[in-house]
Each structure stands twice: as C-alpha cells, then as structure tokens.
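A look at the structure
The primary structure of each chain is shown beneath.
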Amino acid sequence: MGSGFINRMLRALRLEASLYREVSAADGDTRQAALVVLLTAAAAGAEGVWVSVSGAGIIAISHVAAWPVWALGIWLVGARLKAPKGDASGFWQVARAIAFAQAPGVFFATSLVLFWISAPLWGTVRTLISVWVLVGTFLAVRETLGLSNGRTLGALFGVGAAIAVLLGPPIVFVTVWALLPDLTLGQIVATFAYGVFDFNLGLGLIDKVMNLILDVAIELIV
C-alpha cells in the first residue's frame, strides 16, 4: 500500500482526473480509499480540539459516517442522470472515487497552528481547502459516472440539498436546545449533523447558517 498510496494521494492533491477513473475501477483498493477518509477525518477533528476533545471526536466520527451517505446519494442520483450508453457504475466505484477526492482535507489539521496565529487567516485557508475538496469531488463524480459537467453539478448539489433537507430541521432544533444548560445530547447531535453535511459541500456556508440560527435563537430565548 505504501508508495502506491502516497502516489495516489499526491495525484489527488494535483486533481488528476485519471486518478479517479483508476481508483473507481473494479480492482480498485477500497482499503486505500478508507484510509484517505480516516486521515481526513482525523484532520477535520483537529479543528474541534479548540473547543473540546469530545467535539473533535464527534466531528471525526461524523466525517467517516458521511462517506457512505454521500457515496450512496451520488450513486443513486448519478445512475439516473447517466447517459444510456456504457455500464452503470457500482456503489463502491463511486465511494472509492469520492474518498480520494477528500485528500486535500488532510490540510485541515493546520488549524492547530493557523487558528492560534489568526482566526480570519484560518477561515480563509479552510475555505480554500473546502473548494479544493469540492473540485476534486466534481472530477471524481464526472469521471466515475461519465456525466457531463452540468449533470455532475446537478448530482452534487442535488445530493447536497437532500442532505440539507434531512439534516436541516434536526440542526435547527438541537442548536436551539443546545443553548440551554445540561443538554449535551443536543450538542452532540448538532455537531454530528454539521460534520456529515460539511463532508463535501462545506465552503463555510454551513457556518453562516449555524451562526444565523444561533443569533435568532438567542433573541428568542433572551
């Protein structure tokens, strides 16, 4: 796994389209894909260390849990958008490809240093990394499913919207309740939902939504 894995990680960081076709092949290494997700989950969890160790753990776990959720959604939507010609891609083909698209997420671990230096600087870097991941995901979906650029965007944002609809109400509910004391379960659920949604389409948007919810909730409670 050693040199082959490192080479694939570097190619993922360079956004090489051929990589996603390679790892999505029937003989692709699912273990390598899982390792990418685990590494990026650990890096994403590093952001939460500034708040609490438990928060960091929840974010990391939600990142891992989000992998099959996004893969299933993209696989189901993409199969319906795919042109009639050609063989249909399997679930694990899609899963392996979008796992490697997460490779730039290893740089989320820089929050341990950058956040201490400057929170605004870290916010900018985080957005750039999220865009990097999103571009990789776009290429992974397009190359694996053989979709046009338009249909690839449709699949990505369609799945993102579906996840937002499913997780939106719980996020609003538990965020309001998490403002009250001694309701740690609500905080756990809110953080978990945040991590799942942020897997591919973070871009800082969910932060703005959460901040808006918090502002409104505070006004209502106070």
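Owing to the predicted nature of the structure, the values given are computational and were not obtained by experimental measurement.

Check the secondary structure of the protein chain and you find ten helices and zero strands. N-terminal to C-terminal, the α/β element order of the protein chain is α-α-α-α-α-α-α-α-α-α. Expressed as a percentage of its 222 residues, the buried residues of the protein chain come to 44%. Partitioning the intrachain contacts of the protein chain with sequence separation of at least 6 by distance along the chain shows that 74% fall at a separation of at least 24. Accessible surface for the protein chain amounts to roughly 11,100 Å². Of this, 73% is attributable to carbon and sulfur atoms.

We now examine the packing of aromatic side chains. Inspection of every chain in the model, using the stated rule, returns four aromatic pairs. Summarising the aromatic geometry, the rings of W75 and F91 are spaced 6.0 Å apart at their centres and angled 75° between planes, so their arrangement reads as edge-to-face. With a gap of 16 residues between them, W75 in helix 4 (residues 53-81) and F91 in helix 5 (residues 91-101) connect regions that are remote in the sequence. Consider the rings of F107 and W132, whose centres lie 5.6 Å apart with planes at 10°: the pair is stacked.

What follows deals with the pattern of salt bridges. Overall, the coordinates contain seven salt bridges when judged by the stated rule. Of the charged contacts, one joins E22 and R11 as a salt bridge, the two residues approaching to 2.8 Å between their closest N and O atoms. With E22 in helix 2 (residues 17-23) and R11 in helix 1 (residues 2-13), this residue pair connects regions lying eleven residues apart in the sequence. Overlapping salt bridges, with partners in common, bring together R8, R11, R14, E16 and E22 in one network.

For L15, which is not a glycine, the phi torsion comes out positive at approximately 60°. Structurally, the position occupied by L15 is in the loop between helix 1 and helix 2.

With that out of the way, let us pick up the nonpolar core. With 33 residues, the main nonpolar core has Y20, W67, W70, I74, I98, F100 and V141 as its most contacted residues. Of all the elements in the fold, those that place two or more residues in this core are helix 1, helix 2, helix 3 (30-48), helix 4, helix 5, helix 7 (119-145) and helix 8 (149-178). Counting residues in hydrophobic clusters, the runner-up holds six residues, among them A43, F108, L114 and V133.

Further remarks concern the environment of S18. Its place among the elements puts S18 in helix 2. Relative accessible area serves as the criterion here: at 30%, S18 is assigned to the partly exposed category. Remark: the alpha-carbon pair of S18 and A140, spanning 122 residues in sequence, is separated by 9.2 Å.

Taken N-terminus to C-terminus, the directions of helix 5 and helix 7 make an angle of 155°; their axes are 8 Å apart at the nearest point. Relative to helix 7, the element helix 5 lies roughly antiparallel. In this structure, the crossing between helix 5 and helix 7 has a hand that is right-handed. Between helix 5, through Q93, V94, A97, I98 and A101, and helix 7, the contact on the second element is made entirely by V133, G136, T137, A140, V141, T144 and L145. Counted by class, the contact of helix 5 with helix 7 contains eight nonpolar, four polar and no charged residues.

Looking now at a nonpolar patch on the surface. A grouping of L112, V113, W116, I117 and L121 is seen on the molecular surface, where their side chains present a nonpolar patch of about 540 Å² in accessible area. Among the elements that take part in the nonpolar patch, helix 6 (residues 111-117) stands out by supplying four residues, more than any other.

For the rest of this paragraph, the subject is the confidence of the model for the protein chain. Mean pLDDT for the protein chain: 75, with 64% of residues reaching 70 or above. When the elements of the protein chain are averaged for pLDDT, helix 10 (residues 205-221) gives the smallest value, 50, and helix 5 the largest, 93. Long-range and interchain partners of residues 202-206, a stretch whose pLDDT sits below 50, account for seven contacts in this model, where long-range means more than four residues apart.

Within helix 5, eight of the eleven residues are buried, leaving the element largely enclosed by the surrounding structure. For helix 5, the set of buried residues is V94, A95, R96, A97, I98, A99, F100 and A101.

Along the chain, the position of L139 falls in helix 7. Assessed through its relative accessible area of 11%, L139 is described here as buried. When the C-alpha atoms of L139 and Y20 are compared, they prove to be 7.5 Å apart, with 119 residues separating the residues in sequence. The contacts of L139, once residues within four sequence positions are left out, are L15 and Y20.

Quick notes on the rules
Residues numbered from 1 in each chain as written. Predicted model: local features only at pLDDT ≥ 70, side-chain atom pairs only at ≥ 80, totals over all residues. Heavy atoms only, no water. Helix = DSSP H or I, 4+ residues; strand = E, 2+ residues; numbered from the N terminus. Buried < 20%, exposed > 50% of the residue type's maximum accessible area, 1.4 Å probe, protein only. Contact = heavy atoms within 4.5 Å. Areas by Shrake-Rupley, 256 points an atom, 1.4 Å probe, with all protein chains shown as cover. Phe/Tyr/Trp six-rings, centres within 6.5 Å; stacked < 30°, edge-to-face > 60°. Salt bridge = Lys/Arg side-chain N within 4 Å of Asp/Glu carboxyl O. Core = buried A, V, L, I, M, F, W, Y, C linked by side-chain atoms within 4.5 Å. Axes fitted to C-alpha atoms, helices over the stretch in contact; angles between N-to-C directions. Parallel < 35°, antiparallel > 145°, perpendicular 65-115°, else oblique. Left-handed = near helix turned anticlockwise from the far one by under 90°. Nonpolar A, V, L, I, M, F, W, Y, C, P; charged D, E, K, R; others polar. Patch = residues over 30% accessible without salt bridge, like charges linked within 9 Å, V, L, I, M, F, W, Y side chains within 5 Å. pLDDT = per-residue confidence, 0-100.

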